[in-house]
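Structural characterization, general
For reference, the chains in residue letters:
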Amino acid sequence: MIVALATPFTRLLGIEHPIVQGGMQWVGRAELAAAVSNAGALGILTALTQPTPEDLAKEIARCRGMTDKPFGVNLTILPTMTPPPYGEYRSAIIDSGVKIVETAGSKPKEHVDHFKAHEIKVIHKCTSVRHAMSAERMGVDVISIDGFECAGHPGEDDVPGLVLIPATVDKVKIPVIASGGIADGRGLAAALALGAQGVNMGTRFCATREAPIHENIKKYLVDNDERSTNLIFRRLHNTARVGKNSVSDEVVRILSQPEATFEQVAQLVRGARGRELLESGNLDVGLVWAGQSQGLIRDVPSVANLVARIVSDATMVIERNLRAMLR
Ligand SMILES: Cc1cc2nc3c(=O)[nH]c(=O)nc-3n(C[C@H](O)[C@H](O)[C@H](O)COP(=O)(O)O)c2cc1C
């Protein structure tokens, strides 16, 4: 049975279910984003997965050919000496008529201003209450708050969702969606109970039939448990949570030496290697981005089945399990 859980967030974005597929480098392509949107949730393409802004425009057109439902584009602002041509990527998004953008990373103001000037709804993903408050002041429409459990960059404060979600909800007036460590209906119900109006998931969507990655990687996510991650780059103040494998173990080992520098691991962590891992299924060639929610992933369903299951399980938690406790 497919039910709907409507919140102000779903109404704001014109989507059926309060579930977002967060931007994912090399994974957030049209096949996945369209499947998520077709399932009534919000699919998101990842801008920087496309080598050029022109390729992004083509990917947006391809996604539009696969769904007539709303979908968004993620623009990740990387702390790099040689930034990609962000202005051109922004223009590709704006000119393509996309109406929803997920921004992530530091100093998003120039990007947010540009998108807002074109009446694009901006979901800003961040990892602390203070960054959520500053993004609200910038005029974003939704905060996606990413707890310490998450895949990717959890920030440096190490605050998990159980505290971070309600702490954020208490400090901003705009809708908050909960991200990090969520993979099933219990997580969605819990996030709603904590005051969020929806959830954002990354790792869970990688283990779906439509995720455009090698089957070995999906099996790895299913076989892993909640302890199967490594935190890398801690001492560089750019912490990242990735799946545990020989490469991330080696990065942790090298960077634990007192005088170690980023240059010593630069080759190991190159994005091209991560892409090769996802395409070849060879788990020893690079980093694999994955969060603690691996401990909750036990199958590789279609996106439609996953979304329907999460919504119906969340409804059951709310309606049956919790209600039964009332005296
Ligand atoms: C394979 C993968 C790649 C990711 N790449 C990005 C990215 O490029 N930009 C971004 O903002 N977040 C990225 N993320 C983070 C997700 O968008 C999301 O915030 C995170 O996965 C939520 O935590 P969860 O994995 O526990 O659901 C990535 C996550 C995964 C699993």
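Details of the structure are given in the entry above.
The text that follows walks through the structure, step by step, so that each part is easy to find. Predicted model, so just to flag it, every value in this text is computed and none were measured.

As a further point, take unusual backbone geometry. The phi torsion of most residues other than glycine is negative, and most of the peptide bonds are trans. Positive phi, close to 60°, is recorded for Asp 158, a residue that is not glycine. As for its placement among the helices and strands, Asp 158 is situated in the loop between strand S6 (142-146) and helix H7 (161-171). Phi at His 237 is positive, roughly 60°, even though this residue is not glycine. Here His 237 is to be found in the loop between strand S9 (229-232) and strand S10 (240-243).

Counting buried positions over the five residues of S6 gives five, a clear majority of the element. Alternating positions in S6 separate into two faces, Val 142, Ser 144 and Asp 146 on one and Ile 143 and Ile 145 on the other, with burial throughout. Two strands pair when backbone bridges link them, and strand S5 (residues 121-126) and S6 are joined in this way by four bridges, in the parallel orientation. Counterpart to Cys 126 in the pairing with S6 is Ile 145. Handedness of the β-α-β unit built from S5, helix H6 (residues 129-138) and S6 comes out right-handed. Strand direction decides the pairing type here: S6 and strand S7 (residues 176-179), joined by four bridges, are parallel. Residue pairing across strands places Ser 144 opposite Ile 177, the latter belonging to S7. Taken together, S6, H7 and S7 constitute a β-α-β crossover, and its handedness is right-handed.

So, about the pattern of salt bridges. For the coordinates displayed, the defined rule picks out 17 salt bridges. Asp 141 is the salt-bridge partner of Lys 116, the closest N and O atoms lying 2.6 Å from each other. Placement of the pair is Lys 116 in helix H5 (residues 109-117) and Asp 141 in the loop between H6 and S6, with a sequence separation of 25 residues. Between Glu 156 and Arg 234 there is a salt bridge, with its nearest N and O atoms 4.0 Å apart.

In the region of the ligand, 20 residues are neighbours, and Gly 23, Thr 76, Lys 125, Gly 181 and Thr 203 sit closest. For the ligand, an oxygen atom lies 3.2 Å from a polar atom in the side chain of Asn 74. Interatomic distance of 2.5 Å between a side-chain N/O atom of Thr 203 and an oxygen atom of the ligand. For the ligand, whose unbound accessible area comes to 600 Å², protein coverage reaches 93%. When residues of the shell around the ligand are traced back to their parent elements, those giving at least two are strand S3 (71-77) and strand S8 (199-201). Considering only residue class, the shell around the ligand consists of six nonpolar, twelve polar and two charged.

Moving on, we come to the sheet that holds strand S1 (residues 19-21). As a general point, the strands of a sheet are linked pairwise by backbone hydrogen bonds and lie either parallel or antiparallel. Strand order in the open sheet formed by eight strands is S1-S8-S7-S6-S5-S4-S3-S2, and the pairing between neighbours is parallel. The two strands at the open ends of the sheet, each matched to only one other strand, are S1 and strand S2 (43-46). In this sheet, neighbouring strand axes are inclined to one another by 30° on average, regardless of whether the strands run parallel or antiparallel. Looking at chain direction, S7 and S8 are connected through two bridges and run parallel. Opposite Ser 179, over in S8, you have Asn 200 as the bridge partner. Taken strand by strand, helix H3 (residues 53-66) contacts S2 and S3, and its axis lies near 155° from that of S3. Contacts from H6 reach S5 and S6, with the element oriented near 165° to S6.

Within the element layout of this structure, Ile 15 appears in the loop between helix H1 (8-13) and S1. Taking C-alpha positions, Ile 15 is 9.7 Å from Ala 39, a pair spaced 24 residues apart along the chain. Once you skip the residues sitting within four places of it in the chain, Ile 15 turns out to touch Phe 9, Thr 10, Gly 40, Ala 41, Leu 42 and Pro 70.

Criteria and thresholds
Residues numbered from 1 in each chain as written. Predicted model: local features only at pLDDT ≥ 70, side-chain atom pairs only at ≥ 80, totals over all residues. Heavy atoms only, no water. Helix = DSSP H or I, 4+ residues; strand = E, 2+ residues; numbered from the N terminus. Buried < 20%, exposed > 50% of the residue type's maximum accessible area, 1.4 Å probe, protein only. Pairing = 2+ DSSP bridges. Right-handed = clockwise from strand over helix to strand, strands pointing away. Salt bridge = Lys/Arg side-chain N within 4 Å of Asp/Glu carboxyl O. Near = heavy atom within 4 Å. Polar contact = N/O pair within 3.5 Å; in protein donor to acceptor, adjacent residues only side chain to side chain. Areas by Shrake-Rupley, 256 points an atom, 1.4 Å probe, with all protein chains shown as cover. Nonpolar A, V, L, I, M, F, W, Y, C, P; charged D, E, K, R; others polar. Axes fitted to C-alpha atoms, helices over the stretch in contact; angles between N-to-C directions. Contact = heavy atoms within 4.5 Å.

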